[in-house]
Structure formats: C-alpha cells, structure tokens
Amino acid sequence: MIIPTVVGNRKQAEEAAVEYDELTKFPELKKVIVDLLTHEFDSFMASIDWVAPRPTTFRINLKNDFNFYLIFTKNSWIAQVEGKKYYLLNLPEEERAIDAIARVLRYGAPESADTADTSGGGEDIDVEDNVDVDIEV
C-alpha cells in the first residue's frame, strides 16, 4: 500500500525537477531539496540560482520572495537560512534547518508599495490645537 505512494512521490519530484536546470545538472542538489522541502518542493520554490562555483553555492528563491542558500562542501551540504549555517550531515541540524525554512515560508509575501500603509501609523495632529511655547536661551 505504501509502495504506490512512494513511487508517485518520486515521479512528482522528477517531473518538477525538469523545470529547474540546476536540478538536472546537479542530481545531489535535488536530493537535498527533496529532503528539506519534501517532494512537493515546486509549490514553494520560484527558482534556483547557481551563485558560486567554489564552494558550489545555490540560492533557492522561494515564492514568497525570500531565499536561502545551499552550499556543497567536500564532506556534506550546508544550508544557510537567515545567516545561520546548518550542516546537513547531522540529523539534528538538518531538522533545525527544516524548521528554519518553514519559519521563512510562514513569513508570506512582503507587502508591495501599493498596499503598504504610508500614514506612519500615528494619529493625525490638528495644528490648531497645538500651543505655542516661547523658549528663551
């Protein structure tokens, strides 16, 4: 009963990976992304940028306009989320990286300039109610 689910999840991940050139060039990257974001990673990722050749670094751009980095080192992958590094070789650190990515995903999309409140959040002050005070120096 579980075998069709696992096979279906793999097929879904493979179909979504075709959209990203980096995942076809770097199959290890695909495995790490599936570990961090599950086989439904396509629902959360906007794009992948290859930003540095050594150490091989990828910027994972999320659909809510936030991003995190995946860095390939000789020994393991490192996830850098909001400036903090998580060494994915260790299971507890991988779990903390997953929690950090989930926290970033909860931020939602940033407000655009059109919908942002530009009033400053303060109360309107009536100029006529102000009292003039003379200060002598």
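This report concerns the structure included in the present document. What you are looking at is a predicted structure, and each value in this text was computed from that prediction instead of being measured.

Moving on to helix H4 (residues 91-106). Helix length check: H4 (16 residues) gives 23 Å between terminal C-alpha atoms against 22 Å at 1.5 Å per residue, within 8%. Within H4, burial applies to Glu93, Glu94, Ala97, Ala100, Ile101 and Val104. For H4, the angular spread of the buried residues around the axis is 120 degrees, confining them to a single face. Residues of H4 that are exposed and angled more than 90 degrees away from the buried face: Leu91 and Arg106. Residues of H4 that are buried sit in contact with helix H3 (27-37), strand E2 (56-62), strand E3 (67-72), strand E4 (77-81) and strand E5 (84-87). Gly108 sits one or two positions beyond H4 and adopts a positive phi of about 75 degrees.

Burial analysis of E2 places 6 of its 7 residues in the buried class, the great majority of the element. Note that strand E1 (residues 45-52) and E2 share 6 bridges and pair antiparallel. Among the inter-strand pairings, Ala52 is bridged to a residue of E2, identified as Thr57. As judged from the 6 bridges shared by E2 and E3, these two strands associate in the antiparallel manner. Looking at E3, one finds that Arg59 is bridged to Tyr69. Connecting the antiparallel pair E2 and E3 is a turn made up of 4 residues, with Asp65 showing a positive phi of about 70 degrees.

So, on to the pairing of E3. In the sheet, E3 pairs with E4 via 4 bridges, with the strands oriented antiparallel. The residue bridging Leu70 from the neighbouring strand is Ala79, located in E4. Hairpin geometry of E3 and E4 is characterised by an intervening segment of 4 residues between the two adjacent antiparallel strands.

All right, on to the nonpolar core then. Generally speaking, soluble globular proteins have nonpolar side chains that are buried together. Within the largest apolar cluster, 24 residues are counted, with the highest numbers of intra-cluster contacts made by Leu29, Ile33, Leu36, Ile60, Phe68 and Leu70. Contributing elements (two or more residues each) for this core: H3, E1, E2, E3, E4 and H4. Top contributing element to this core by residue count: H3, with 5 residues. Apart from the residues lying within four places of it in its own chain, the contact partners of Leu29 are Glu22, Leu23, Ile48, Phe58, Leu70 and Trp77.

Conventions we followed
- Numbers given to residues run from 1 along each chain, matching the order in which its sequence is written.
- For this predicted model, a pLDDT threshold of at least 70 governs which residues receive local features, and a threshold of 80 or more governs which side-chain atom pairs are given and counted, while totals over whole chains, interfaces and linings are taken from all residues.
- With hydrogens and water set aside, each side-chain value is computed from the structure's full complement of heavy atoms.
- By definition, any uninterrupted DSSP run of H or I lasting at least four residues is a helix, any uninterrupted run of E lasting at least two residues is a strand, and each is numbered from the N terminus.
- Here the expected span of a helix is defined as 1.5 Å times the quantity of residues minus one.
- When accessible area is computed with a 1.4 Å probe and restricted to protein chains, residues below 20% of their type maximum are described as buried, those above 50% as exposed, and intermediate ones as partly exposed.
- Arc, as used here, means the arc of the directions from the helix axis to the C-beta atoms.
- It only takes one pair of heavy atoms within 4.5 Å for two residues to be counted as in contact.
- A pair of strands counts as paired when DSSP detects no fewer than two bridges linking them.
- For this analysis, a nonpolar core means a set of buried residues of the types Ala, Val, Leu, Ile, Met, Phe, Trp, Tyr and Cys, connected via side-chain atoms within 4.5 Å.

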